[in-house]
Amino acid sequence: MGAPGVVSLISVDKPKKRVLFLGYDQRQTRVIDVLAKHNCSIDHARGLIDGSGDYDLVVSFGYTHVLEKNVIEKLGCPIFNLHISYLPYNRGAHPNFWSFYDNTPSGVTIHLIDEGIDSGPIIYQRYVNFDAEEITFAQTYKRLIDEVQELFEDKVELILGGKWEARPQRGIGTIHFARNLPKQFSGWDAVIDDEIRRLDMLRISHEE
């Protein structure tokens with residue numbers, strides 16, 4: 001009997017690693033299949049977990065819950081999160097929107113989870129410069145999702161082999177919550193430059 005809310009996705013007799021995957025399922029990310037190709041057994045959960053189970057590592061991608069300190073300690077293994085921002089900028093919700101609205105770097109990061117929100121030490125990250133035809137929030141979001149999965153795929157052997165190093169995040173950075181998204185935001189299919197200009201004008205007029 002598995003832990004509450006945890007289901008077995010892939011069972012292997014002699015796995016290279018026993019992995020708990022939090023968040024997206026196989027229809028939403030290729031990261032699970034990447035782990036499977038490296039002979040990992042994989043359990044999956046979307047909801048809150050209690051930290052029970054015997055795992056070598058945890059991978060979080062598209063997971064909407066914050067792990068409490070006691071759960072992290074109970075798991076007792078590295079917990080990697082895939083985040084679509086260049087940390088420490090744009091921790092929390094809607095990082096792609098805020099990178100444009102606040103004019104901060106766009107990128108992707110794989111980091112260790114601690115009890116904070118996207119505040120754990122960085123393992124790997126890369127800047128992302130968008131192509132000229134990527135002009136909407138939806139298009140740039142898709143690019144970031146692809147980039148962070150590609151980064152994981154590029155580094156998976158190092159991650160599974162324990163040949164990674166963690167370094168603390170530098171600087172204060174920024175953090176946002178879902179409630180911070182401007183109420184006047186037109187939506188994810190909006191053209192970024194036009195939408196940021198419009199929101200800036202609304203902000204200026206409101207301040208006046």
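Counting of residues starts from 1 at the beginning of each chain's written sequence and follows it residue by residue. pLDDT decides what is reported in this predicted model: residues at 70 or higher carry local features, side-chain atom pairs at 80 or more are listed and counted, and totals for whole chains, interfaces and linings draw on all residues regardless. Values reported for side chains reflect all heavy atoms of the structure, with hydrogen atoms and water molecules removed beforehand.

*Asks:* Mind showing me how you'd approach the state of the cysteines here?
*Replies:* The bond known as a disulfide is covalent and runs between the sulfur atoms of two cysteines. By definition, disulfides here are pairs of cysteine sulfur atoms that lie within 2.5 Å. Per the stated rule, a full pass over the model turns up zero disulfides. In this structure Cys-40 is not part of a disulfide, and its nearest cysteine sulfur, from Cys-77, lies 12 Å away. Residue Cys-40 is classed as buried on the basis of its relative accessible area of 0%. What makes Cys-77 buried here is its relative accessible area of 12%. Partly exposed describes any residue whose relative accessible area lies between the buried limit of under 20% and the exposed limit of over 50%, with all areas from a 1.4 Å probe on protein chains only and scaled to the type maximum.

*Asks:* What am I meant to see in the pattern of salt bridges here?
*Replies:* Think of it this way: side chains of opposite charge can pair up when their charged atoms draw near. We define a salt bridge as a side-chain nitrogen of Lys or Arg found within 4 Å of a carboxyl oxygen belonging to Asp or Glu. Tallying each qualifying case throughout the model produces 15 salt bridges. The salt bridge partner of Arg-27 is Asp-25, with a shortest N-O separation of 2.7 Å. You can call Arg-27 exposed: its relative accessible area is 75%. Through salt bridges with shared partners, a single ionic network connects Arg-126, Asp-131, Glu-134, Arg-143, Glu-147, Glu-150 and Asp-154.

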